Amino acid sequence: MSEPGILSALFLSLAPANLLACLIGAVMGTLVGVLPGLGPAAAMALVLPATFRLGPTAGLIMLAGIYYGSMYGGSTTSILVNVPGEPASVVTAIDGYQMARKGRAGAALAISAIGSFIAGTITVIALQIFAPLLANVALAFGPAEYFSLTLLGLIVLSNLTGKSRVKSLLMVAVGLMISTIGMDPLGGVGRFTFNYTPAQGGLSFIAVTAGLFGVAEVLSMLAERETPREILPVRWRELYPSREEFQRSLPPIFRGTVVGFLVGLIPGPAATIASFTSYGLERRLSRHRDEFGQGAIEAVAGPESANNAATSGGMVPLLSLGLPFTPATAVLLSGMLIHGITPGPLLLRDHPNIFWAVIGSFYLGNIMLLILNLPLVGLFANVARIPPRYLMPAVLVLCIIGAYSDNNSLFDVWVMLAAGIIGYLLRHYDYEPAPLVLGLVLGPVIERSLLQALTMSQGNIAGLWASPISATLLVAAAVAALWPLFLQGGRDLKPFRSN
């Protein structure tokens, strides 16, 4: 859009009622991100009735604030106590928590906030400029294309931790199998539930991740018999990134912004997929690969920028076509329809004030979130200095609350505890849980798109590669799967060649 459009967006957002709605939404979104279990979609649904009295403009601004604010808060508990507040922050826990254990929690939190701000600002500009074009590109993807793209992503990202490829693939396979528990998306038949009603909806993602990361960390702390480390005071300068850390973070932030915005155009858990994709990309491009898994600043900057950028990417199909690609944008669509606003190509013509006010709230909301988060870095960083005998019980309570609140089911608490024991055993035998989470996230997307594609082709498997886009993605997936084997074969042949 043009510069007058941007100026009018900011001007409309500065109205007192809209400004207050933006602030409330941003604060609520941050709290939603910090507390595992609730999620932005559920929080937006809870406050949806309250938007009636605010009017369409202020109401939608509040809902949008919760949507993108949750991406800011999700990293806090991931970094400090290894409990992802949001599914999109699972990857952040890998290196962010290691930074916290090394006394660099403040730097990790600050880079997370700065990266989210930069990504959010850049992608809002891209949203204004490229929304119609990118929406048409998104429409070119059908079920076969989404299956091929997701399969490619699963193969490429399967070894994102950089350790044993066999162990990573095994964890991905376990994640895929776990994702099939529950109702068949096509026939509605229960699978692997043993006729147990609470399991009909599948295993809660929050319960599984809280167990694999949070409860497993508690068990690991209990198993340690070493003398607790001395807790030293942290100087003010150490709460924020050093010049070297900031320089190392800038390229991942910009790469994560691009990756997140593009992945946001894909239906499904875009923010989570974007963070995994960014982590895998940075691990391949970084000059400090040996630090990944041990506290690499790039592993925090890239994924946190990507998951925030994905929120803006998800707004493209919503505003341009009226198509919600995530649960949170579906709630936002409901809010628009309730207020008599139909998103789509005619939104800018019929409701220009509302359109520009919501766009402007993204700018102001990102500024508010940066102002809210950066001064609190010192307060948050002190959490990492709490002795484990006090901190770990609080972490366990936080995990239980998050697991239970996801579906208000005690079954999810038992799932969390079982996942915690499994996560502890995985650590003991040097298996990384992150690839398992990847399979758990992408499993439903792969299955649903595969079933839809086969249904449309009347069971003909050739329908999966009928289109040029799908065929190209499948070839890329095959190359990505076979390339490591080719490289390994080349290494095995070197002694024979030398002879």
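Residues numbered from 1 in each chain as written. Predicted model: local features only at pLDDT ≥ 70, side-chain atom pairs only at ≥ 80, totals over all residues. Heavy atoms only, no water.

Draft legend 1. Region of the structure containing the overall build of the protein chain. Each helix and strand counted, the protein chain has 21 helices and two strands in total. Of all 499 residues assigned to the protein chain, the portion counted as buried reaches 53%. Accessible area of the protein chain: about 22200 Å², with a carbon and sulfur share of 69%. (Helix = DSSP H or I, 4+ residues; strand = E, 2+ residues; numbered from the N terminus. Buried < 20%, exposed > 50% of the residue type's maximum accessible area, 1.4 Å probe, protein only. Areas by Shrake-Rupley, 256 points an atom, 1.4 Å probe, with all protein chains shown as cover.)

Draft legend 2. Region of the structure containing the environment of Phe192. When you line up the elements, Phe192 lands in the loop between β2 (190–191) and α10 (205–223). Here Phe192 falls in the exposed class, since its relative accessible area comes to 59%. Setting aside residues no more than four positions away along its own chain, Phe192 makes contact with Thr180 and Ile181. (Contact = heavy atoms within 4.5 Å.)

Draft legend 3. Local environment of the pattern of salt bridges. Considering all chains together, one arrives at five salt bridges under this definition. The partner of Glu447 in a salt bridge is Arg191, and the shortest N-O contact between them spans 2.4 Å. Placement of the pair is Glu447 in helix α20 (residues 434–456) and Arg191 in strand β2, with a sequence separation of 256 residues. Across the pair Arg255 and Glu282 runs a salt bridge whose closest N-O atoms are separated by 2.8 Å. Placement of Arg255 in helix α11 (residues 243–263) and of Glu282 in helix α12 (residues 270–285) is noted, with a sequence separation of 27 residues between them. Of the residues examined, Arg255 reaches a relative accessible area of 30% and is grouped as partly exposed. Judged by relative accessible area, Glu282 falls into the buried class, the value being 0%. (Salt bridge = Lys/Arg side-chain N within 4 Å of Asp/Glu carboxyl O.)

Draft legend 4. Fine view of a nonpolar patch on the surface. A cluster of nonpolar side chains, Leu20, Leu23, Ile24, Val27, Leu31 and Leu372, forms an exposed patch at the surface whose accessible area comes to about 470 Å². Of all the elements, helix α2 (residues 16–34) adds the most residues to the nonpolar patch, at five residues. Assignment of secondary structure puts Val27 in helix α2. Look at Val27 and you get partly exposed, because its relative accessible area is 35%. (Patch = residues over 30% accessible without salt bridge, like charges linked within 9 Å, V, L, I, M, F, W, Y side chains within 5 Å.)

Draft legend 5. Up close: the packing of aromatic side chains. Inspection of every chain in the model, using the stated rule, returns two aromatic pairs. Summarising the aromatic geometry, the rings of Tyr279 and Phe292 are spaced 5.6 Å apart at their centres and angled 75° between planes, so their arrangement reads as edge-to-face. Within this pair, whereas Tyr279 is found in helix α12, its partner Phe292 is found in the loop between α12 and α13 (298–321), the two being separated by 13 residues in sequence. Exposure class is identical for Tyr279 and Phe292. Each is buried. A cation sits over an aromatic face here: Lys167 above Tyr431, 4.8 Å from the ring centre. (Phe/Tyr/Trp six-rings, centres within 6.5 Å; stacked < 30°, edge-to-face > 60°. Lys NZ or Arg CZ within 6 Å of the ring centre and 35° of its normal.)

Draft legend 6. Expanded view of the environment of Leu63. Topologically, Leu63 is positioned in helix α5 (residues 56–81). A residue is classified by how much of its surface remains accessible, and Leu63, at 1% relative accessible area, is buried. Measuring from C-alpha to C-alpha, the distance between Leu63 and Thr51 comes to 8.4 Å, with twelve residues separating the pair along the chain.

Draft legend 7. The nonpolar core, seen in detail. Counting residues in hydrophobic clusters, the biggest one holds 79 residues, and the most contacted among them are Leu212, Val263, Phe276, Val395, Cys399, Met416 and Val437. Once residues lying within four places of it in the same chain are set aside, the contact partners of Val437 are Val90, Phe205, Thr209, Leu212, Phe213 and Phe276. If you look at the next biggest cluster of nonpolar residues, it comprises 45 residues, including Ala43, Met44, Met62 and Phe261. (Core = buried A, V, L, I, M, F, W, Y, C linked by side-chain atoms within 4.5 Å.)

Draft legend 8. Inspection of the side chain of Asn308 at higher detail. Assignment of secondary structure puts Asn308 in helix α13. Not counting residues within four places of it along the chain, the set of residues in contact with Asn308 comprises Tyr68, Met71, Tyr72, Ser116, Ala119, Gly120 and Asn366.

Draft legend 9. Broad picture of the packing of α5 against helix α6 (residues 90–101). Their axes nearest at 6 Å, the elements α5 and α6 cross at an angle of 55°. Taken together, the axis directions place α5 and α6 in an arrangement best described as oblique. The way α5 lies across α6 gives a crossing that is right-handed. In contact with Ser75, Ser78, Ile79, Leu80 and Val81 of α5, α6 contributes Thr92, Ala93, Gly96, Tyr97 and Ala100. (Axes fitted to C-alpha atoms, helices over the stretch in contact; angles between N-to-C directions. Parallel < 35°, antiparallel > 145°, perpendicular 65-115°, else oblique. Left-handed = near helix turned anticlockwise from the far one by under 90°.)

Draft legend 10. Geometry of unusual backbone geometry. Although it is not a glycine, Phe192 adopts a positive phi angle of roughly 60°. Although it is not a glycine, Asp430 adopts a positive phi angle of roughly 65°. You can see Asp430 is positioned in the loop between α19 (410–428) and α20.

Draft legend 11. Up close: helix α9 (residues 165–179). Given a rise of 1.5 Å per residue, 15 residues ought to cover 21 Å, and the 21 Å separating the end C-alpha atoms of α9 matches this to within 8%. Those residues of α9 that fall on the buried side of the exposure criterion are Ser168, Met171, Val172, Gly175 and Ser179. Take α9 and look down its axis: the buried residues cluster within an arc of 100°, on one side only. Structural note: α9 exposes Val166 and Met177 on the side pointing more than 90 degrees away from its buried face. (Expected span 1.5 Å × (residues − 1). Arc of directions from axis to C-beta.)

Draft legend 12. Region of interest: α12. Compared with the 22 Å implied by 1.5 Å per residue over 16 residues, the 22 Å span of α12 between its first and last C-alpha is a close match. Among the 16 residues in α12, twelve count as buried, and that is most of the element. Restricting attention to buried positions, one finds in α12 the residues Ala270, Ala271, Thr272, Ile273, Ala274, Ser275, Phe276, Ser278, Tyr279, Gly280, Glu282 and Arg283.

Draft legend 13. The confidence of the model for the protein chain, seen in detail. Averaged over every residue, the pLDDT of the protein chain is 78; residues scoring 70 or more account for 84%. α19 holds the highest mean pLDDT among the elements of the protein chain, 89, whereas helix α1 (residues 3–13) holds the lowest, 59. pLDDT under 50 marks residues 227–233. Its contacts with residues more than four places away, or in other chains, come to six contacts. Throughout residues 492–499 the model reports pLDDT below 50, and contacts reaching past four residues in sequence, or to other chains, amount to one contact. (pLDDT = per-residue confidence, 0-100.)

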